[in-house]
Amino acid sequence: MGKLPAIIGTLPMMIVAIGVFVIGIAFTVVLSFTNTKFFLINIDFVGMRQYDILWSTPRWLQSVANIWLYGFGHIGLCVVLGFLLAVAMDQRIRGEDTFRTIFLYPFALSAVITGLVWQLMLDPIWGLQAYVRSLGFADFTFAPLANGSTALYGMIIASTWNGVGVTMAILLAGLRGVDEEIWKAAKIDGIPTWRTYISIVIPMMRGATATALVLLVVNTVRTFDIVIAMTGGGPGISTQMPATYVIDSINARNVAQGTAGATVMLLPIAALILLQAFFRWRAARIKARAV
Amino acid sequence: MSAATTTYGVEPSGPKPRRVTPARIGIYAFLIVAAIFFLIPLAVMILTSMKPMDEIRGGNIFALPLNPTLDYWVKAWSSACTGRDCNGLAPGFFNSMKITLLAVPISIILSMLNGYALSFWRFRGSELMFGLLVFGAFVPFQVLVYPIIFALSSVKLPWGGTLFGTLPGIVIVHSIFGMPILTLLFRNFFASLPGELFKAARVDGAGFWRIFFSVMLPMSVPITIVAVILQVTGIWNDFIFGLVFAGRENLPMTVQLNNIVRTSTGTVEYSTNMAATILTGAVPLIVYFVSGKWFVRGIAAGAVKG
């Protein structure tokens, strides 16, 4: 009684939750065990064959290696720089709003724009390298995108420029959630500021740090736009990512292969969710024991 | 995910600063160097878009234009080539406008209803639905691309063709992927309202829709502004959905921008490319600078959109 309108009002949500997310994911996983090309005619189940192909395709192996390197680089830089910026911003500085505006504006721009502008900056003939050389340092070399072995680092610089402001904002909120009394107590005990940060404040910021990390991991797994805009996956296959492999496979009418890659992409997300469930379970157990 | 509850803090909480000390100078130096790093690309974009390639040559990327010109902006807007068509970015701008103007209100209204129902009208399974929906916010889009292509191409339109590659198709896709984060945003907002408000309306005999329209809707203006900012920038900046689902006739500005840049033959014409980049970034940048703190409020929730 009375609940019917609520069910009608949330019908779109149920369709999206079940119809898109649950059935859609199941569909992708099931297709990865077939040899579907594009249209769903004569579905043949071929067991693990798509995965065998996947893990013996050089481009996929490169993509997986790339996302680890890119992920560690991008996430590490965002967390370290984001934290340092947040701490600096938290020192009762003048012009805090101005600094925040500057650190965050890149996030308002799309990854495509980020990729294109950094492509110019890192272009050996037109960009930073040419600028520094014009100052008289004729041997200066800084053109990561021109070389397959360094192109990923160029991409890390660009994506960090785009995303570090968000990490800073989240960590700054975490810093400001730390009780003022902690600082007073640490001061009375004569603990140096850096020590207070490392031993007391950082452990207290677990929530904000976890939030920032989860967002970074989720966004890293999806990395696609910036690759297309910045390098197109090159030079060679040096900046391909799992996401570009999946989309290209589907475009090349090799859906089953694409869905196998997509299914593998689900694993880190599944791991995150299990991890979160574990921490929740542990917190509940600790609480239960305390009672 | 309690991300959305993280709001921007009120007061600086760090240790109290003393007067000018080396440490303090160091902090400002660090912030200023960082600010320069963040601003350089914007400066390069603007400078490059206003001068010919000759003036960029020889490491003059930071040089002021000798004769500042908007010719490249005009070219990027109206005559730069994407493949065989040379109509510039303008068609992409109008496509992005259409997509944004349709998808933003639809996704917000649906999500607002979700948040309202989840806070005040829980029914059996409603929390499970919410859990599944939030889980969806974490799923890489690539996992769902083919299922959605398949579903949209299965819907035959009465005037021929299917939903795949149409304006309604891309609007549906944006509404789907905007829903998890917006629902979270609205649910957290409605859950923070005093329960008495809802009970009083119930006692007065108002039902689901009546309470929604007369009580909740007027109170949700601030959170709706956050949601609008989140969605406008998110949808405007989208690339992959536009690329896959919009179809040739509705390619959004970001896809057109990428096509223009990829089309250039011979020497890359960075002047036009950067002008096109600025034009494409103008809408979200204006939203960002005008909305200020509202944008920051949406970030903790919106960052998950990627």
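Values in this document were obtained by computation on a predicted structure and should not be read as measured data. (Residues numbered from 1 in each chain as written. Chains lettered and ligands numbered in written order. Predicted model: local features only at pLDDT ≥ 70, side-chain atom pairs only at ≥ 80, totals over all residues. Heavy atoms only, no water.)

(A) Seen up close, the overall build of chain A. Broken down by element type, chain A carries 14 helices and 0 strands. Referenced to the eigenvectors of the C-alpha coordinate spread, the extents of chain A come out at roughly 75 × 75 × 35 Å. Counting only residues that meet the buried cut, chain A has 52% of its 291 residues in that class. For chain A, the proportion of contacts with a sequence separation of at least 24, taken over those separated by at least 6, is 69%. With the model as given, the accessible surface of chain A reaches about 13100 Å², and the carbon-plus-sulfur share is 69%. Separation of charge centres in chain A, based on 20 positive and 13 negative side chains, amounts to 9 Å. (Helix = DSSP H or I, 4+ residues; strand = E, 2+ residues; numbered from the N terminus. Buried < 20%, exposed > 50% of the residue type's maximum accessible area, 1.4 Å probe, protein only. Contact = heavy atoms within 4.5 Å. Areas by Shrake-Rupley, 256 points an atom, 1.4 Å probe, with all protein chains shown as cover. Lys, Arg positive; Asp, Glu negative; His and termini not counted. Charge placed at Lys NZ, Arg CZ, Asp CG, Glu CD.)

(B) Fine view of the packing of aromatic side chains. Residue and element names in this part refer to chain B. Taken as a whole and assessed by the stated rule, the structure comprises 43 aromatic pairs over all chains. When the centroid spacing of 6.1 Å and the interplanar angle of 55° are considered together, the rings of Tyr116 and Phe120 count as tilted. Of the two residues, Tyr116 and Phe120 both sit in helix H3 (residues 90–120), 4 residues apart, roughly one turn of that helix. Here the two residues Tyr116 and Phe120 agree in accessibility, since each one is buried. The interplanar angle of 65° and the centroid separation of 5.4 Å between the aromatic rings of Phe189 and Phe190 together place this pair among those described as edge-to-face. (Phe/Tyr/Trp six-rings, centres within 6.5 Å; stacked < 30°, edge-to-face > 60°.)

(C) Up close: the domain arrangement of chain B. Residues and elements named next belong to chain B. For chain B, the domain assignment lists domain 1 (18–78) and domain 2 (90–305). Centre-to-centre separation of domain 1 and domain 2, based on C-alpha positions: 32 Å. Contact with domain 1, which involves 14 residues of that partner, is made by 17 residues of domain 2. Carbon and sulfur atoms make up 80% of the surface buried where domain 1 meets domain 2, a total of about 1300 Å² over both sides. (Domains from an automatic or database assignment. Buried area = accessible area lost by both parts, 1.4 Å probe.)

(D) Looking closely at the interface of chain B and chain A. On the side of chain A, 100 residues touch chain B, which itself brings 99 residues to the contact. With both chains or domains summed, chain B and chain A bury close to 9300 Å², and 77% of this area falls on carbon and sulfur atoms. Between chain B and chain A we count 0 salt bridges in total. Along the contact surface separating chain B from chain A lie 14 residue pairs in polar contact (both at pLDDT 80 or more). (Salt bridge = Lys/Arg side-chain N within 4 Å of Asp/Glu carboxyl O. Polar contact = N/O pair within 3.5 Å; in protein donor to acceptor, adjacent residues only side chain to side chain.)

(E) Geometry of the confidence of the model for chain A. For chain A, mean pLDDT is 88; residues scoring 70 or higher make up 98% of the total. Ranking the elements of chain A by mean pLDDT puts helix H1 (residues 4–9) of chain A last, at 85, and helix H4 (residues 58–89) of chain A first, at 94. (pLDDT = per-residue confidence, 0-100.)

(F) Expanded view of unusual backbone geometry. Residue and element names in this part refer to chain A. In this structure, Arg92 is a non-glycine residue whose phi angle is positive, near 50°. When you line up the elements, Arg92 lands in the loop between H4 and helix H5 (96–108). The exposure class assigned to Arg92 is partly exposed, which follows from its relative accessible area of 27%. Here Arg253, not a glycine, exhibits a phi torsion of approximately 55°, which is positive. The class for Arg253 is partly exposed, based on a relative accessible area of 44%.

(G) How the structure looks around the state of the cysteines. Residue and element names in this part refer to chain B. In this structure the tally under the stated criterion is 1 disulfide over all chains. There is a disulfide in this structure between Cys81 and Cys86, and the S-S distance comes to 1.9 Å. Here Cys81 and Cys86 share a disulfide; its torsion about the S-S bond, 95°, makes the bridge right-handed. (Disulfide = S-S within 2.5 Å.)

(H) The arrangement of the side chain of Gln257(A) in detail. Relative to the helices and strands, Gln257(A) resides in helix H14 (residues 255–290). Apart from residues lying up to four places away in sequence, Gln257(A) is in contact with Gln50(A), Ile53(A), Leu54(A), Thr57(A), Tyr245(A) and Ser249(A).

(I) Focus on the nonpolar core. Residues Phe103(A), Leu31(B), Tyr116(B), Phe177(B), Phe190(B), Met216(B) and Phe245(B) are the most contacted members of the largest nonpolar core, which totals 178 residues. Viewed by domain, this core spans two of them, domain 1 (18–78) and domain 2 (90–305) of chain B, each represented by three or more residues. Tyr51(A), Tyr245(A), Ala260(A) and Val264(A) belong to the second largest nonpolar core, which has 7 residues in total. (Core = buried A, V, L, I, M, F, W, Y, C linked by side-chain atoms within 4.5 Å.)

(J) Structural detail: the packing of helix H6 (residues 111–121) of chain A against helix H1 (residues 22–49) of chain B. Viewed as axis vectors pointing N to C, H6(A) and H1(B) meet at an angle of 80°, and their least axial separation amounts to 10 Å. Looking at the two axes, H6(A) sits roughly perpendicular to H1(B). In contact with Ile113(A), Val117(A), Trp118(A), Leu120(A) and Met121(A) of H6(A), H1(B) contributes Phe37(B), Ile40(B), Pro41(B), Val44(B), Met45(B) and Thr48(B). Split by residue class, the contact of H6(A) with H1(B) holds 10 nonpolar, 1 polar and no charged. (Axes fitted to C-alpha atoms, helices over the stretch in contact; angles between N-to-C directions. Parallel < 35°, antiparallel > 145°, perpendicular 65-115°, else oblique. Nonpolar A, V, L, I, M, F, W, Y, C, P; charged D, E, K, R; others polar.)

(K) Structural view of the pattern of salt bridges. Residues and elements named next belong to chain A. Scanning the model with the defined rule gives 11 salt bridges over all chains in all. In this structure, the salt-bridge partner of Glu180 is Arg92, at a minimum N-O distance of 3.6 Å. With a gap of 88 residues between them, Glu180 in helix H9 (residues 180–188) and Arg92 in the loop between H4 and H5 connect regions that are remote in the sequence. A relative accessible area of 28% means that Glu180 is categorised as partly exposed. Here the salt bridges share partners, and the residues they tie into one network are Asp90, Glu96, Asp97, Arg100 and Arg176.

(L) Expanded view of the environment of Met53(B). Looking at the secondary structure, you find Met53(B) in the loop between H1 and helix H2 (71–78). A relative accessible area of 12% places Met53(B) in the buried class. Between the C-alpha atoms of Met53(B) and Thr267(B), which are 214 residues apart in sequence, the distance is 9.5 Å. The contacts of Met53(B), once residues within four sequence positions are left out, are Trp126(A), Tyr72(B), Val268(B), Glu269(B), Tyr270(B) and Ser271(B).

(M) Fine view of helix H12 (residues 270–291) of chain B. Residue and element names in this part refer to chain B. The terminal C-alpha atoms of H12, which comprises 22 residues, lie 30 Å apart, in line with the 32 Å expected from a rise of 1.5 Å per residue. At Ala282, H12 is bent by approximately 45°, the largest bend along its length, and proline Pro284 sits one to four residues beyond. Of all 22 residues in H12, 17 are buried, a share of seventy percent or more. Directly beyond the C-terminal end of H12, a positive phi value near 50° is found at Gly292. (Expected span 1.5 Å × (residues − 1). Bend = angle between axes of the 7 residues up to and from the residue.)

(N) Broad picture of the side chain of Thr254(B). As for its placement among the helices and strands, Thr254(B) is situated in helix H11 (residues 253–263). Not counting residues up to four positions away in its chain, the partners in contact with Thr254(B) are Ser110(A), Val112(A), Trp236(B), Asn237(B), Asp238(B), Phe239(B) and Thr280(B).

(O) Structural view of the confidence of the model for chain B. All names here are of chain B. Mean pLDDT over chain B: 85, with 90% of residues reaching 70 or higher. At the level of individual helices and strands, chain B shows its lowest average pLDDT in helix H13 (residues 293–302), which scores 68, and its highest in H3, which scores 93. Low pLDDT, under 50, characterises residues 302–306; the stretch is placed with 20 contacts to residues that sit more than four places away or in other chains.

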